[in-house]
Amino acid sequence: MLGRTLRWVDQWAALGLTSALLVGCGGGPSPQPEPGGQPVGQGGASVDQVGDAPAPPPKPKVKREAAELFEQAVKAYGPEKATHDLDGAISLLKEAVDAAPDFGEAYLNIGLMYEEKGNLEEAEAWFKRASEKGKNYGAGFANLGRLYSAQGRAADAAAAFQRAIQLNRFDGTAHLHLALQAKERKDFAQAVKHVRTALKEDSQNVSAYQVLARIYYDLGRYELAKLVCESGIQIDAQAAPVHNVLGLVYLKMDDVTSAARSFEAALKADPDYVPALMNLGSITFNYRDYESSYKAFNHVLELSPKNVDALISRAVAARGMDRLDEAEQGYKKALELAPNSVAAHFNLGVLYQEYMNKLPEAIKAYEQVLRHGRDADLRQDTTNRIKASQIQIQALKEAEEMMKEQEKAGGGNG
């Protein structure tokens, strides 16, 4: 039995700027990267009519010396993550802001690099400086909001996004995150409005297509969500998040084969894209291809060893391959990281009840599900399992006592 473990996954935390040195300098366009960290250009047509709008505020020119230091930092950072010279690039960018104190892009990229180094305190400080010192430069506050959003600070994030919009009312990153917040509170009209505003800044912002498709997905308008995804993929065939959303749409349309192809396309574009790995792992599990499922979840754990969902899902796949001890250890590892995980407790109970005949342990696991779980159907299922386990324990006890009586009676006759 699968239990309540494997679920379809989408990802929003990475929306917006995620990689350093993707923001140019000078008077040219300032592209907003999509979740995969690739810059997106301007121009073209969107799937929605966004109407005429004033252009975003022009970017200020910067001193030649600062621009040259910025370009040197770009070279130090390099195209491949494995060769990034973060400290060298940060040093050059700090020289650039010394030469041009209003150079917003340089402040922003220093923050992004500190974020890549895992120093979120410094990242936060430099994001603030980017918008406080840069002229009409909202991207610093937009990324500050993104940082807060990833930390679960929804109110602080919303405030930062609003400050970003005050400086640049078309800031795509801020509007798309505000669209996600509106979507979560089911204010779909406001969510669509934010997406359309983001498209006024950049009509080919693939992240906007991802968000818009998911809004239509939540509304149950799957054909329209499919159209939006296909339009986004026409703009950028390597947009892994859009392929992933398209896979979710196909699942709702009961086209599992096309869903699998979409998740595979996402992974072809980005082999390390976690949501697609999780979704492909779930599909292959449902096809009883436990080895492929295990491989997908294991890849996630190579990228993120503390991913609780992946730990549980890999354990479920291990159980499917009859590697019961490994499955047990997987659930226990998940519970070390998330002691209140309902999915881990439930699946551990299923393992003990149905596969390992450890009924007292199964009951203890199920009791934790009732303690932490709120889903009515799950609670009813768990209650029934506890009763069934108790009946089975009693039956085994009675059978054991009967055997002892028979042995005793047989010995007396002898």
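Going by the structure above, here's the rest.
Just so it is clear, the model here is predicted, and its values are computed rather than measured. (Residues numbered from 1 in each chain as written. Predicted model: local features only at pLDDT ≥ 70, side-chain atom pairs only at ≥ 80, totals over all residues. Heavy atoms only, no water.)

Notes on the pattern of salt bridges
Within the structure shown, the criterion is met by 15 salt bridges. For the salt bridge of Glu184 with Lys183, the shortest nitrogen-to-oxygen distance reads 3.0 Å. When its relative accessible area of 56% is taken as the criterion, Glu184 is described as exposed. Of the charged contacts, one joins Asp218 and Arg214 as a salt bridge, the two residues approaching to 3.1 Å between their closest N and O atoms. You can see Asp218 and its partner Arg214 sitting in helix 9 (residues 206-218), four residues apart, about one turn around the helix. Under the relative-accessibility criterion, Asp218 is labelled partly exposed at 33%. Since its relative accessible area comes to 15%, Arg214 is described here as buried. Each of Lys183, Glu184, Arg214 and Asp218 takes part in salt bridges that share partners, so that together they form one network. (Salt bridge = Lys/Arg side-chain N within 4 Å of Asp/Glu carboxyl O. Buried < 20%, exposed > 50% of the residue type's maximum accessible area, 1.4 Å probe, protein only. Helix = DSSP H or I, 4+ residues; strand = E, 2+ residues; numbered from the N terminus.)

Structural notes on the environment of Cys229
Mapped onto the elements, Cys229 comes out in helix 10 (residues 222-235). Using a relative accessible area of 0% as the deciding quantity, one classes Cys229 as buried. C-alpha separation for the pair Cys229 and Val242, spaced 13 residues apart in sequence, amounts to 5.8 Å.

Focus: the nonpolar core
Of all hydrophobic cores here, the largest spans 79 residues; its most connected members are Val195 and Tyr331. In terms of residues, this core owes the most to one element, helix 9, which gives nine residues. Among all residues touching Val195, those that are not within four sequence positions of it are Leu176, Ala179, Ala208, Val211, Leu212 and Ile215. (Core = buried A, V, L, I, M, F, W, Y, C linked by side-chain atoms within 4.5 Å. Contact = heavy atoms within 4.5 Å.)

Here we look at a negative patch on the surface
Taken together, Glu65, Glu68, Glu95 and Asp98 make up a surface patch of like negative charges. Breaking the negative patch down by element, the ones donating at least two residues are helix 1 (64-77) and helix 2 (86-99). Looking at where Glu95 falls in the secondary structure, it is placed in helix 2. Glu95 gets classed as partly exposed once you look at its relative accessible area, which sits at 39%. (Patch = residues over 30% accessible without salt bridge, like charges linked within 9 Å, V, L, I, M, F, W, Y side chains within 5 Å. Areas by Shrake-Rupley, 256 points an atom, 1.4 Å probe, with all protein chains shown as cover. Lys, Arg positive; Asp, Glu negative; His and termini not counted. Charge placed at Lys NZ, Arg CZ, Asp CG, Glu CD.)

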